[in-house]
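Tertiary structure, described
Listed below, chain by chain, are the residues.
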Amino acid sequence: MTNYFGIDFMAVILIICIGLYTLVMAKNLIRMLIGFELMTKGVTLAFISAGNANGRIALSQSLVITMIVVEVVSIATALAIVMLIQHKKNSLNVRSLTNLKG
Amino acid sequence: MELHISILVFLFIIPAILAAICRDLLRSVIALLFCSLGLTFLLFNLNAPLAGVFELSVGAGLISVLFINAISLTRPLSAEENLARRKDHYRRFIGLPFIIIIIAALLWFNQQQIFGNLIFKKTAENATIGQILWGLRGLDLIGQIVILLVGVYGIVVLFKRGRSND
């Protein structure tokens, strides 16, 4: 018999796989950030389903609220860096970032 | 009830796959928005309404606005570049649905071995979210304030660049 926790954690594993695949295969910097965003959504669901399973939902909610704040900040900062790269290189392709290549 | 949560999981996973596969970045961001919406429904279903509201307002709202703003400030591809990249994009992402189906099938048929040992002891929780957020935490609040200031600086840089391009 399937329990809720199993279905939730299947979704967590699948969404982290989707995010990881996007992060590895994408060449576009914004698409890479979308992959990162998908992975953080998986982590959010993992926290809440674990909190729901062991009865400490308030603790997991407070952790998730903190995590969402950090997630927004990291996305805003990363997008600002992406815009600076676009301004300098006129491209969003990650393969064009070869300045530090020996 | 079990069917109910399965539908919610599908509403969460399908937009995530679309967000990864769509070639147009704007459509990817809209799919990400729907993924956030699905996650919000799941959080409400898992007795976490505050995290759900936060995810809906910040995860679906603010992050989508930031992404759409950044996409609107980037240079659109020309018709030739668009045609050249179309094939390459679909070749790289065509494997994703198959990989997801294989992983989902493996998880579904082996769930007893994988998730059967995950036994959680139910504990009573007396503290509220407010008490945990403001009572249990110490110096990490200063770190969070610094992180917020970094985010504000990032948004200032993002919008300043937009003005100078005009």
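The present account deals with the structure reproduced in this document. Model, not experiment: these values are computed from the prediction.

This brings us to the side chain of B:Gln111. Residues and elements named next belong to chain B. Mapped onto the fold, glutamine 111 is located in helix α6 (residues 111-115). Exposure remark for glutamine 111: the relative accessible area of 15% places this residue in the buried category. At 3.1 Å, the side chain of glutamine 111 and the backbone oxygen of tryptophan 108 are in polar contact.

With that settled, the discussion passes to a nonpolar patch on the surface. Residue and element names in this part refer to chain B. Taken together, the side chains of Leu26, Ile30, Phe34 and Ile68 make up a nonpolar region of the molecular surface, amounting to roughly 330 Å² of accessible area. The dominant element in the nonpolar patch, judged by the number of residues it contributes, is helix α2 (residues 25-45), at 3 residues. Relative to the assigned elements, phenylalanine 34 resides in helix α2.

This part covers the packing of aromatic side chains. Tallied over the full model, the rule gives 1 aromatic pair over all chains. Ring centres of A:Tyr21 and B:Phe93 lie 6.0 Å apart, and the angle between their planes is 65 degrees; on these two criteria the pair is classed as edge-to-face. On the criterion of chain membership, the pair formed by A:Tyr21 in helix α1 (residues 4-25) and B:Phe93 in helix α4 (residues 79-93) is interchain, its members lying in two chains. Classification of A:Tyr21 as buried rests on a relative accessible area of 16%. Sitting above the plane of the B:Phe93 ring, A:Arg31 keeps its charged end 6.0 Å from the centroid.

This brings us to the interface of chain A and chain B. At the junction of the two partners, chain A supplies 63 residues and chain B supplies 79 residues. Of the roughly 6700 Å² buried between chain A and chain B, counting both surfaces, carbon and sulfur atoms make up 75%. Between chain A and chain B we count 1 salt bridge in total. For B:Glu55, the salt bridge identified is with A:Lys41, shortest N-O distance 3.0 Å. There are 11 residue pairs in polar contact (both at pLDDT 80 or more) connecting chain A and chain B. Only α1, α2 (29-54) and α3 (57-89) of chain A provide two or more residues apiece to the side of chain A that touches chain B. No other element matches the 23 residues that α3(A) contributes to the side of chain A that touches chain B.

To continue, consider helix α7 (residues 129-136) of chain B. Residue and element names in this part refer to chain B. Along α7, the positions that sit buried rather than exposed are Ile129, Ile132 and Leu133. Buried positions in α7, seen along its axis, are confined to an arc of 95 degrees and lie on one side of it. Along α7, the residues that are exposed and aim more than 90 degrees away from the buried face are Trp134 and Gly135.

Our next topic: unusual backbone geometry. One non-glycine residue with positive phi stands out, namely A:Asn90, at about 60 degrees. Locating A:Asn90 in the fold gives a position in the segment after α3. Taking the relative accessible area as the measure of exposure, A:Asn90 reaches 43% and is therefore partly exposed. Notably, B:Asn47 is not glycine yet its phi reads approximately 65 degrees, a positive angle. Turning to its location among the elements, B:Asn47 is positioned in the loop between α2 and α3 (49-73). Assessed through its relative accessible area of 49%, B:Asn47 is described here as partly exposed.

A few words on the nonpolar core. Ranked by internal contacts, the top residues of the largest apolar core, which has 65 residues, are A:Ile18, A:Leu45, A:Ile48, A:Leu79, B:Phe12, B:Ile13 and B:Phe67. Residue assignment for this core shows that the elements contributing at least two residues are α1, α2 and α3 of chain A together with α1 (2-21), α2, α3, α5 (95-109) and α8 (140-165) of chain B. Sort the elements by how many residues they give to this core and α3(A) lands first, with 12 residues. Counting contributing residues per domain, this core is built from domain 1 (1-76) and domain 2 (78-116) of chain B, each supplying no fewer than three. Residues within four places of B:Phe67 in sequence aside, it is in contact with A:Ile30, A:Leu33, A:Ile34, A:Ile75, A:Leu79, B:Val29 and B:Leu32.

Rules used in this analysis
- Residues numbered from 1 in each chain as written.
- Chains lettered and ligands numbered in written order.
- Predicted model: local features only at pLDDT ≥ 70, side-chain atom pairs only at ≥ 80, totals over all residues.
- Heavy atoms only, no water.
- Helix = DSSP H or I, 4+ residues; strand = E, 2+ residues; numbered from the N terminus.
- Buried < 20%, exposed > 50% of the residue type's maximum accessible area, 1.4 Å probe, protein only.
- Polar contact = N/O pair within 3.5 Å; in protein donor to acceptor, adjacent residues only side chain to side chain.
- Patch = residues over 30% accessible without salt bridge, like charges linked within 9 Å, V, L, I, M, F, W, Y side chains within 5 Å.
- Areas by Shrake-Rupley, 256 points an atom, 1.4 Å probe, with all protein chains shown as cover.
- Salt bridge = Lys/Arg side-chain N within 4 Å of Asp/Glu carboxyl O.
- Phe/Tyr/Trp six-rings, centres within 6.5 Å; stacked < 30°, edge-to-face > 60°.
- Lys NZ or Arg CZ within 6 Å of the ring centre and 35° of its normal.
- Contact = heavy atoms within 4.5 Å.
- Buried area = accessible area lost by both parts, 1.4 Å probe.
- Arc of directions from axis to C-beta.
- Core = buried A, V, L, I, M, F, W, Y, C linked by side-chain atoms within 4.5 Å.
- Domains from an automatic or database assignment.

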